[in-house]
Each structure stands twice: as structure tokens, then as C-alpha cells.
Amino acid sequence: MPPIPAPFPLSRPRRLRRAGWIRELVAETRLSPADLLWPIFVTGGETRREPVPSMPGVDRLSVDLAVEAAREAADLGIPCVALFPYTDPAVKTPEAEEAWNPDNLVNTATRAIKATVPELGVMLDVALDPYNSDGHDGLVRGGVVVNDETLLALEKQALAQAEAGADILGPSDMMDGRIGVIRRALESHDFQDVTILSYAAKYASAFYGPFRDAVGASGALKGDKKSYQMDPRNGDEALREVAADLAEGADMVMVKPGMPYLDICTRVKREFGVPTFAYQVSGEYAMIAAAAASGWVDRDRIVAESLTAFKRAGCDGVLTYFAPELARAL
Ligand SMILES: NCc1[nH]cc(CCC(=O)O)c1CC(=O)O
Ligand SMILES: [Mg+2]
């Protein structure tokens, strides 16, 4: 018997795409300002705004302007900002003591923001690289980034940040055991409500280049970070890293960079079901900004599309330098 040819396509997915209203109706993911964390670079001085050359559109802000940016974030419905310091090279040392100075830039900015915009969350990075004259996230001994001694430094840094009023600590150093050390320190100093968003699966990536310019760590960095950040070839290992950080007391986890690691985001969310974030890092920002500035891509559309991809991949939110611009557009 000859096959009966179907007189029409058996399935017509285009029915659900034919007009804006029905696309809205069936959309599986939605982006909102509440999905965004905004990373802000803080510098010294007053009413100072310094452009970051490799991140056109992003400025380093003095504390007073960072407070204004925080106000803007809250007004736009962005729940949280993440602060990163541009540290005066003269203050950087091999022991990175500035990291636990109660009056360092990020601690000062945190106190100022919490005093002015208390409803906004403030997140701080726990890692030594902005303060370390070797540019590494950990302490360097004989050319090696040492794990356990670094943990003691991170503990001091984390306590100073909690004392300053940070709501979220983001350990981004990738030392083994740091989450446990920080959680124990927080518990024993009456900071049981401080949240840990662990940079659990953080890769040794070329996409961090512009950030290192922004915090002034590029010139300082000796060598690379491959002995502590993850190998981009590995995926299963990301799940082991996340499992360890959750067991040690992380509340939420992050995958970093973002766009090239969407598979990791999906696997982490599926496997653990905990709040999962991605960091759309400086190099991702720079690529989009540069292509848009050349007129090669449509900036507004590509920003929205790239951030939607994180939600579709399973992320609960994204750290992105596009946060205020996207929130405004939404
Ligand atoms: N530990 C520091 C840190 N925290 C966030 C970033 C990168 C963020 C970005 O590129 O936007 C880095 C850089 C690095 O690990 O070298
Ligand atoms: Mg780890």
C-alpha cells in the first residue's frame, strides 16, 4: 500500500509565533530587573568617574558616586550590587593586608551604601587579587599560590566585610576549603545571616582581561591562575566543586564566565536545585560593547538575548555590567 501523503504539516509550531501577543503568552522565560546583580568598580577620591578603557561605558566610581549608583540600582528594581575596588598600587603588598583593612574602599563604600540605601543588597568579593602585589587571589610562597595560609587571610577579609555590613560574600578565590572556613568564622562572630554566594565553578578564563584592567591587577599579575581556577575542558569537575561548597555552607553558587559555560549552569541547576547564578564577565561585556560600537550587532537586542539565555539555561540571576541599561530597557 502506498503511503498516504499528509495533506498538511502535522505540526505547525509557527502558530504560536505568529504575533507578539501569542509569543508573550507562550514565552517560557522572562527577564526582569530582579534577575540582575550589578558589579560596580570603586575608586578613591571624590566625585571621581574614571572610564575603564577596555570596558567602554563602564566607569570606576568614587564612593560618593557609587552611593548614587546604588540609589539608581534600587530605583530600577535591581536587588543587589557587587563592589570591586581599584586599589592604589602603593597599597598592594605580598601579604595583601589591605584586604582586611576595615576602611578599605569596598568596606567604606558598603557602609556608605547601607547607610543611604539600606533596602539594596551589597555583595563583596572575597579574594586577595585587588590587594596582592603579585596579582594572585591567594598568597604566593616561593612562586606557589598556597592554599591553607591563604584561608587565614580570606577569613580576616570576610570578617572585615561582614563587619562593614556586606549582605553577601562571594568567595572568588577558588582555594580549597574556603567556604567552610568563612562560614565557621561568620557563625562564631554573630554574622549568621550573612549569605555566601560561592564562585564555585570559576574557570581559568581569558574573558577576565578587562576586569583585571578595571581593578588594576593586570600589570601586577605574575603568571596565570590555572593552579586554582578550573580548566575550561572540565564539566564533571564543576559539579564536584559545587557539591563541596554547598556541603561547607554556601547558600548559593555561581558559574563564571557566563555565556561560554551555559552547559555548566544547566548541569549545576539540574543536579543541585539551589539558587544558581552566572557572571557575564568583563570580556563578554567588552565583546558585545565593541561589536555594537562598530555597528556590527544591535546592542539592545544582543544584551537582552544574551541575558535571556542565562534564564533559559536555568540560572536564577546574572551578574552583569549591563544591569542598569537592561533594567532601564525593561
Ligand atoms: N578574584 C577576582 C575576580 N572576581 C571577579 C573577577 C572577574 C570578573 C570579570 O571579568 O568581569 C575576578 C578576576 C579573576 O579571577 O582574575
Ligand atoms: Mg572549590
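Throughout, residues of each chain are indexed from 1 in the direction in which the sequence is written. Going through the entries in the order they are written, you letter the chains from A and number the ligands from 1. Only residues with pLDDT of at least 70 get local features here, since the model is predicted, and only at 80 or more are side-chain atom pairs given and counted; chain-wide, interface and lining totals rely on the full set of residues.

Labelled according to an unreviewed UniProt entry, the chain appears under the name Delta-aminolevulinic acid dehydratase, originating from Halovulum marinum. UniProt positions are given in the numbering used here, feature names are shortened, and annotations may be inferred rather than shown by experiment. The chain has a UniProt comment under Subunit (unreviewed entry) that states "Homooctamer." Its UniProt record gives the chain the following Catalytic activity (unreviewed entry) comment, quoted word for word: "2 5-aminolevulinate = porphobilinogen + 2 H2O + H(+)".

Caption draft 1: Quick look at the overall build of the chain. Elements are defined by DSSP. Helices are runs of H or I of four residues or more, strands are runs of E of two residues or more, and each kind is numbered from the N terminus. In terms of helices and strands, the chain carries 11 helices and 12 strands. We take the radius of gyration over the C-alpha atoms and set the globule estimate at 2.2 Å times the residue count to the 0.38 power. Taking 2.2 N^0.38 as the reference for a compact globule, 330 residues should give roughly 20 Å; the C-alpha atoms of the chain span a radius of gyration of 21 Å, in line with that estimate. In terms of its C-alpha atoms, the chain occupies a principal-axis envelope of roughly 80 × 45 × 40 Å. Three classes are used. A residue is buried when 20 or more other C-beta atoms lie within 10 Å of its own, exposed when 12 or fewer do, and partly exposed in between, with C-beta atoms placed from the backbone. Among the 330 residues that make up the chain, the fraction classed as buried is 45%.

Caption draft 2: How the structure looks around the nonpolar core. Ranked by size, the top nonpolar core spans 100 residues in total, and within it Val 42, Ala 66, Val 81 and Leu 83 carry the most contacts. Counting residues per element, this core draws most heavily on helix α4 (residues 147–164), which supplies 7 residues. Filtering out sequence-adjacent residues up to four positions away, Ala 66 remains in contact with Ile 40, Val 42, Leu 61, Leu 83, Ala 109 and Ile 113. One nonpolar core equals one set of buried Ala, Val, Leu, Ile, Met, Phe, Trp, Tyr and Cys residues connected by C-beta atoms within 7 Å. Throughout, a pair of residues is in contact if the C-beta atoms placed from their backbones lie within 7 Å.

Caption draft 3: Region of interest: the UniProt feature "binding site: Mg(2+)" (unreviewed entry) in the chain. Within this numbering scheme, the UniProt entry marks Glu 241 as carrying the feature "binding site: Mg(2+)" (unreviewed entry). Structurally, the position occupied by Glu 241 is in helix α7 (residues 236–248). Residue Glu 241 is classed as buried on the basis of its 23 C-beta neighbours within 10 Å. Look past the residues within four positions of Glu 241 in its chain and what remains in contact with it is Ala 200 and Ala 201.

Caption draft 4: Geometry of helix α10 (residues 299–313). One fewer than the residue count of a helix, multiplied by 1.5 Å, yields its expected span. Look at α10: 21 Å from first C-alpha to last across 15 residues, which is about the 21 Å you get at 1.5 Å a residue. Those residues of α10 lying buried are Val 303, Ser 306, Leu 307, Phe 310 and Ala 313. The buried residues of α10 all sit within an arc of 120 degrees when viewed along its axis, so they share a single face. Turned more than 90 degrees from where α10 packs its buried face, Arg 301 and Glu 305 sit exposed. The first or second residue beyond α10 is Gly 314, which carries a positive phi of 115 degrees. Directions drawn from the helix axis to the C-beta atoms are what define this arc.

Caption draft 5: Molecular detail of the UniProt feature "active site" (unreviewed entry) in the chain. As recorded in UniProt, the sites labelled "active site" (unreviewed entry) are Lys 202 and Lys 256. Spanning 55 residues, the named residues nonetheless gather at one spot, since no C-alpha pair among them exceeds 4.8 Å. Here Lys 202 shows up in strand β9 (residues 195–202). In this structure Lys 202 touches Ser 172, Met 174, Gln 229, Met 230 and Lys 256, once residues within four positions along its chain are discounted. Excluding residues that lie within four positions of it along the chain, Lys 256 makes contacts with Tyr 199, Lys 202, Tyr 203, Ala 278, Tyr 279 and Val 281.

Caption draft 6: A look at the environment of Glu 155. Within the secondary structure, Glu 155 is located in helix α4. When the 18 C-beta atoms within 10 Å are taken as the criterion, Glu 155 is described as partly exposed. Put simply, Glu 155 and Cys 80 are 75 residues apart on the chain and 23 Å apart in space, counted from C-alpha to C-alpha.

Caption draft 7: Structural context of α4. Relative to the 26 Å expected for 18 residues at 1.5 Å per residue, α4 spans 26 Å between its end C-alpha atoms, a close match to the ideal helical length. All of the buried residues in α4 are Thr 150, Leu 151, Ala 153, Leu 154, Gln 157, Ala 158, Leu 159, Gln 161, Ala 162 and Ala 164. Taken together, the buried residues of α4 touch α3 (105–116), β5 (121–126), β6 (139–141), β7 (144–146), β8 (168–171) and α5 (178–188). Within two residues after α4, Gly 165 carries a phi angle of roughly 110 degrees, on the positive side.

Caption draft 8: Seen up close, the site of ligand 1. Around ligand 1, a shell composed of Asp 125, Ala 127, Asp 129, Asp 137, Ser 172, Asp 173, Tyr 208, Phe 211, Arg 212, Lys 225, Val 281 and Ser 282 is seen. Note that Gly is not counted as nonpolar here; it falls among the polar residues with everything else outside the nonpolar set of Ala, Val, Leu, Ile, Met, Phe, Trp, Tyr, Cys and Pro and the charged set of Asp, Glu, Lys and Arg. Looking at the shell around ligand 1, its residues break down into 4 nonpolar, 2 polar and 6 charged. Note on definitions: a residue is near a molecule or strand provided its C-beta atom, placed from the backbone, lies within 6 Å of it.

Caption draft 9: Molecular detail of the pairing of strand β1 (residues 36–43). Extensive coverage of β1 is indicated by the burial of 8 of its 8 residues. Of the two faces of β1, the one holding Leu 36, Trp 38, Ile 40 and Val 42 and the one holding Leu 37, Pro 39, Phe 41 and Thr 43 are both buried throughout. Following DSSP output, two strands are said to pair if at least two bridges run between them. Bridge count for β1 against strand β4 (residues 80–85) is 6 bridges, and the pairing is parallel. Bridging across to β4, Val 42 finds its partner in Pro 85.

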